[in-house]
Amino acid sequence: MYLQKMFSCSQLLARPNALQTFKRAASKGKNPSSSPFLTLHAVRQWSNVPFFTVPLARAHGKSFAHRSDLRQAKRIVVKLGSAVVTRGDECGLALGRLASIVEQVAMLQNQGREMMIVTSGAVAFGKQRLRHEILLSQSVRQALHSGQNQLKDMSLPVLEARACAAAGQSGLMALYEAMFTQYSTCTAQILVTNLDFHDDQKRRNLNSTLHELLRMNIVPIINTNDAVVPPPEPNSDLQGVISIKDNDSLAARLAVEMRADLLIALSDVEGLYDSPPGSDDAKLLDTFYPGDQHSITYGTKSRVGIGGMEAKVKAALWALQGGTSVVIANGTHPKVTGHVITDIVEGKKVGTFFSEVKPAGPTVEQQTEMARSAGRTLASLEPEQRSEIICALADLLTERKDEILSANKKDMEHAASTGRLSPALLKRLSLSSSKLNSLSIGLRQIAVSSQDSVGRVLRRTRVANNLELEQITVPIGVLLVIFESRPDCLPQVSALAIASGNALLLKGGKEAANTNRILHELAQEALSIHGVKDAIQLVSTREEVEDLCRLEKMIDLIIPRGSSQLVRDIQRAAKGIPVLGHSEGICHVYVDHEASVDKAIKIIRDSKCDYPAACNAMETLLVHRELLRTPLFDQIIDMLRTEHVKIHAGPKFASYLTFSPSEVKSLRTEYGDLECCIEVVDSMQEAVDHIHKYGSSHTDVIVTENEDTAEQFLQQLDSACVFWNASSRFADGYRFGLGAEVGISTARIHARGPVGLEGLLTTKWVLRGEGHTAADFSEQGSMTYLHENLPVAQVLPGRRTTS
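What you see is a predicted model, and the numbers here were worked out from it, not measured in a lab. (Residues numbered from 1 in each chain as written. Predicted model: local features only at pLDDT ≥ 70, side-chain atom pairs only at ≥ 80, totals over all residues. Heavy atoms only, no water.)

### Notes on the overall build of the chain
Working step 1: Secondary structure summary: the chain contains 25 helices and 24 strands in total.
Working step 2: Out of the 803 residues in the chain, the part that is buried amounts to 52%.
Working step 3: For the chain, the proportion of contacts with a sequence separation of at least 24, taken over those separated by at least 6, is 75%.
Working step 4: Total accessible area on the chain stands at roughly 36000 Å², and carbon and sulfur atoms take up 51% of it. (Helix = DSSP H or I, 4+ residues; strand = E, 2+ residues; numbered from the N terminus. Buried < 20%, exposed > 50% of the residue type's maximum accessible area, 1.4 Å probe, protein only. Contact = heavy atoms within 4.5 Å. Areas by Shrake-Rupley, 256 points an atom, 1.4 Å probe, with all protein chains shown as cover.)

Set out below in structure tokens:
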């Protein structure tokens, strides 16, 4: 006899390892409840969720204006749609998804938030249960009547939804209770109908009950009492009050009644689209504003449930009007289900956020589209025209320096008053007349180099008679440059983007907001000369860096300019976009036993003390063992002390000293200040090995008078920049003659070292033929390949191509 196995809640309660299995299966995109022979095991007891009180308090009555404000949400309603709760076959619950959702809700509850759940699923759970009972009943009856052990085909009757709800409510609640128990979280069930909200006394009783449950740190689980609720009447909303037709309207009504800060509505769609999801031009709306209904098209409703997207939008807008913020998101995607709720509460760009505050300017997505469109026009300009734009920007930097310095003064005063920036970062933030003059000179160098950039032919090949191939340089596309406390970075990067024909999206630190604003205005003023003002955009909205890194369909390359932590964070967040940069600048200077005293002192002083916060400043000084207790070594130590450099001793250096400086905690440290590590090595080869082990492949220096030793160092060392008898501070695009740089890359592909104009170009292949086909070159064809290299010549005017 074949009977489908169904797991009851008592079974789940009896198996303390079940929940972890559900979560693990859900993380792999599997439905752990889809197999009739699933064994439940491996749930760990709740012990590692950090409990802390979130300082959340705000006057209710107005919804949050920005996503980042959602972190302040204290009272949260999570609505689980039928598609989220039920399996694909609509008979039974998606236990894996539920387990992940329960974990997130419990975690937020344990942070001090007040969580409420509005859930579907009773009908599906009851349908599974009733089908099991009917199959069992029919199989036993047939076996008794036929006397045989074989079952005939059995047809299941159509199950009425209210009967399914009646059979499933208790099992659904027992399941929630079992799951939340694993996290030491108590739950309570509340069944409601439309009448409970229309009757004033019942509504007050419901409100009082819910408040008391929340006060006792209990998670209320609310559902419509589908066993007795009548079918919804169309257009039955009262004046200004939403009628409870489905769980969308129930969640909205409950959120407003309970003065919730946030309503998270989870369904099987990513959010709202401007056209039906799945169509080629459909775009997910990050933010939806009241009055924007005309900008969206409603598709078909969910595969289960009685609501649709139109019902969700109506409910969301009603809740928003009542002072509750709303996010509609996908709760079924296996890659995000495990953190979709917590991501929303952290303010990340997930789903569609409903806001009453419409920003004055364009969204970052609109800015990116504007930049891409204008960037294509920029790339099509003649080199002389792009050069003219850059020269105009160089002129504006000196002509309008009073405005720039005034804005910079405001930023400096604000930074000093808050005390949030270190002295090193304050120095980076500061601009001066001399800095602006240097910037202007660097921009003019870029203007000259831009004459031979986009459209330059790198290779020409005659593939066959009348079939010629060219490899030419083209812009990368849209660049996103994220920079901290470095307003001088804005004109430099802007000039390089203009020269290379790239569109540019800039995200600066708020500490330089005033300076960045005026510099961006000047860049756009220069671009206006040839009608490409929008090619450079400054992101001024409250956009999180992590959210920008998710625009993989709009941004082609990310260039971080800032701390090593910023670079690491961006490299971690930008899973679908290449990142150009280095995470650390651990630069070494190795002083060989055949080094010149004067050269060594000068190079070490400049490498460490010229600009300690720079990424090309020396962080570790390697000294040949034979130099210890020599006049050269004593002079080095005296110079560092005179310059107030704090010295940390490496393990080997410390072993030679009776009283040593503080021993270094790590040989892989970027101090970014007047500090450095000194370590002893026995040879040039040991210095190379040390740098390979502890360095960051940025810039490393040897000081020696032995040419053979120097050449071995330069050849063996695998760093982006390797110098002989020169300061590490030369690792800079301006000093290399590149005019400026967008950063220093330690990557092994594309661009390496200071990245100037060349590093912002890629290539494409252009083939010109006369009706050639691949079949012409087959064994039966009449043509043969020549593959002759031709002299390289620039693309003729009018034949320049762009990406």
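### Observations concerning the packing of aromatic side chains
Working step 1: For the structure on display, the rule yields 5 aromatic pairs.
Working step 2: When the centroid spacing of 5.7 Å and the interplanar angle of 75 degrees are considered together, the rings of Phe633 and Phe653 count as edge-to-face. Here Phe633 is found in helix H22 (residues 631-642), whereas its partner Phe653 is found in helix H23 (residues 651-655), with 20 residues between them in sequence. Comparing Phe633 with Phe653, the two get one shared label, buried.
Working step 3: Relative to Tyr785, the ring of Phe777 lies with its centre 4.3 Å away and its plane at 10 degrees, an arrangement referred to as stacked. (Phe/Tyr/Trp six-rings, centres within 6.5 Å; stacked < 30°, edge-to-face > 60°.)

### Regarding the sheet that holds strand S13 (residues 536-538)
Working step 1: Across the sheet, 4 strands lie side by side as S13-S12-S11-S14; this open sheet has parallel pairing. Since the sheet does not close on itself, it has two edges, and those belong to S13 and strand S14 (557-561), each with one partner. Direction aside, the axes of adjacent strands within the sheet are offset by 20 degrees on average.
Working step 2: Of the strands in this sheet, strand S11 (478-483), strand S12 (503-508), S13 and S14 touch helix H17 (residues 489-500), which is tilted by about 165 degrees from S12.
Working step 3: This element, helix H20 (residues 564-573), spans S11 and S14 of the sheet and lies at about 160 degrees to S14. (Pairing = 2+ DSSP bridges. Axes fitted to C-alpha atoms, helices over the stretch in contact; angles between N-to-C directions.)

### A short note on the pairing of strand S4 (residues 218-224)
Working step 1: Burial analysis of S4 places 7 of its 7 residues in the buried class, which makes it a mostly covered element.
Working step 2: The alternating pattern of S4 places Ile218, Pro220, Ile222 and Thr224 and Val219, Ile221 and Asn223 on opposite faces, both of which are buried.
Working step 3: Where strand S2 (residues 114-119) and S4 come together, 2 bridges link them in parallel fashion. Each residue of the ladder has a partner; that of Ile117, found in S4, is Ile221.
Working step 4: Note that strand S3 (residues 186-192) and S4 share 7 bridges and pair parallel.

### Overview of empty space enclosed by the protein
Leftover empty space is mapped by rolling, across the atoms, a probe with the size of a water molecule.
Working step 1: For the structure shown, the criterion picks out 4 cavities of 30 Å³ or more.
Working step 2: The computed volume of the second largest cavity comes to approximately 60 Å³.
Working step 3: Along its surface, the second largest cavity is lined by Lys79, Asp248, Ala251, Leu263, Ala265, Lys312, Ala315, Ala316, Val326 and Ile328. (1 Å grid on protein atoms, 1.4 Å probe; cavity = no way out; pocket = protein on both sides within 12 Å on 5 of 7 lines; lining within 4 Å. Points joined across faces, edges and corners; volume = space filled by probe spheres on them.)

### Topic: the sheet that holds strand S19 (residues 699-703)
Working step 1: Strand order in the open sheet formed by 6 strands is S17-S18-S16-S15-S19-S20, with parallel pairing between adjacent strands. Among the strands making up the open sheet, the edge pair consists of strand S17 (646-649) and strand S20 (721-724). Averaged over all adjacent pairs, the angle separating strand axes in this sheet is 20 degrees, with direction ignored.
Working step 2: Two elements, strand S16 (residues 618-624) and strand S18 (residues 675-681), share 5 bridges in a ladder whose sense is parallel. Opposite His624, over in S18, you have Val681 as the bridge partner.
Working step 3: The strands touched by H22 are strand S15 (587-591), S16, S17 and S18; relative to S18, the strand with the most contacts, the crossing angle is about 165 degrees.

### Some details on the side chain of Gln537
Working step 1: Summarising the element assignment, Gln537 is placed in strand S13.
Working step 2: Residue classification places Gln537 among the buried positions, given a relative accessible area of 5%.
Working step 3: Of note is the side chain of Gln537, whose polar atom sits 3.2 Å from the side chain of Gln367.
Working step 4: Here Asp534 takes part through its backbone oxygen, which lies 3.0 Å from a polar atom of the side chain of Gln537.
Working step 5: Dropping the residues within four chain positions of it, Gln537 is found in contact with Gln367, Met370, Ala371, Leu504, Leu505, Leu506, His520 and Gln524. (Polar contact = N/O pair within 3.5 Å; in protein donor to acceptor, adjacent residues only side chain to side chain.)

### Considering the state of the cysteines
Working step 1: In total, this model carries 0 disulfides according to the counting rule given.
Working step 2: You can see Cys677 has no disulfide; the closest cysteine sulfur is in Cys676, sitting 7.3 Å from it.
Working step 3: Cys677 gets classed as buried once you look at its relative accessible area, which sits at 1%. (Disulfide = S-S within 2.5 Å.)

### Some details on the pairing of S16
One face of the sheet, then the other: side chains in a regular strand alternate in exactly this way.
Working step 1: The element S16 is largely enclosed, with a buried count of 7 among its 7 residues.
Working step 2: Sheet topology places S15 next to S16; 5 bridges connect them, and they run parallel. Considered in S16, the bridge of Val591 is made with Val623.
Working step 3: The β-α-β motif built from S15, the intervening helix H21 (residues 597-609) and the parallel element S16 has right-handed crossover chirality. (Right-handed = clockwise from strand over helix to strand, strands pointing away.)

### Some details on a nonpolar patch on the surface
Working step 1: On the surface, a cluster of nonpolar side chains totalling about 260 Å² of accessible area is made up of Phe730, Phe736 and Leu738.
Working step 2: Summarising the element assignment, Phe736 is placed in the loop between S20 and strand S21 (743-745).
Working step 3: We classify Phe736 as partly exposed; its relative accessible area is 40%. (Patch = residues over 30% accessible without salt bridge, like charges linked within 9 Å, V, L, I, M, F, W, Y side chains within 5 Å. Salt bridge = Lys/Arg side-chain N within 4 Å of Asp/Glu carboxyl O.)

### A short note on the side chain of Thr368
Working step 1: Looking at where Thr368 falls in the secondary structure, it is placed in helix H12 (residues 364-380).
Working step 2: We classify Thr368 as buried; its relative accessible area is 1%.
Working step 3: A polar contact of 2.7 Å, which involves the side chain of Thr368, links it to the backbone oxygen of Val364.
Working step 4: Here Thr368 is in contact with Val478, Leu505, Leu551, Met554 and Ile555, once residues within four sequence places are set aside.

### Things to note about the environment of Ser100
Working step 1: Inspection of the secondary structure puts Ser100 in helix H4 (residues 95-110).
Working step 2: Separated by 240 residues in sequence, Ser100 and Val340 place their C-alpha atoms 9.5 Å apart.

### Regarding the nonpolar core
Working step 1: Ile389, Ile390, Ile404, Val481, Leu504 and Leu506 are the most contacted members of the largest nonpolar core, which totals 50 residues.
Working step 2: Per-element tally for this core: the top contributor is H17, with 8 residues.
Working step 3: Residues contacting Leu504, with those up to four places away along its chain left out, are Ala371, Leu479, Val481, Val493, Ser494, Ala497, Ala535, Ile536 and Gln537.
Working step 4: In this structure, Ala124, Met179, Val345 and Phe353 belong to the second largest nonpolar core, which totals 42 residues. (Core = buried A, V, L, I, M, F, W, Y, C linked by side-chain atoms within 4.5 Å.)

### As for H17
Working step 1: For H17, built from 12 residues, the straight-helix expectation of 16 Å at 1.5 Å per residue is met to within 8% by its first-to-last C-alpha distance of 16 Å.
Working step 2: With 12 of 12 residues buried, H17 is to be regarded as a mostly interior element. (Expected span 1.5 Å × (residues − 1).)

### Focus on unusual backbone geometry
Working step 1: A positive phi angle, near 60 degrees, is found at Asn466, a position not held by glycine.
Working step 2: Relative to the helices and strands, Asn466 resides in the loop between strand S9 (457-464) and strand S10 (467-475).

### Quick look at the environment of Gln385
Working step 1: Locating Gln385 in the fold gives a position in helix H13 (residues 383-399).
Working step 2: Along the backbone, Gln385 and Ser450 are 65 residues apart, and their C-alpha atoms lie at a distance of 9.7 Å.

### Topic: the confidence of the model for the chain
Working step 1: Confidence along the chain averages 84 in pLDDT terms, with 84% of residues attaining 70 or more.
Working step 2: Low pLDDT, under 50, characterises residues 235-242; the predicted model gives this stretch 15 contacts beyond four residues in sequence or across chains.
Working step 3: Contacts of residues 795-803 to residues separated by more than four positions or lying in other chains number 23 contacts, the stretch itself having pLDDT below 50. (pLDDT = per-residue confidence, 0-100.)

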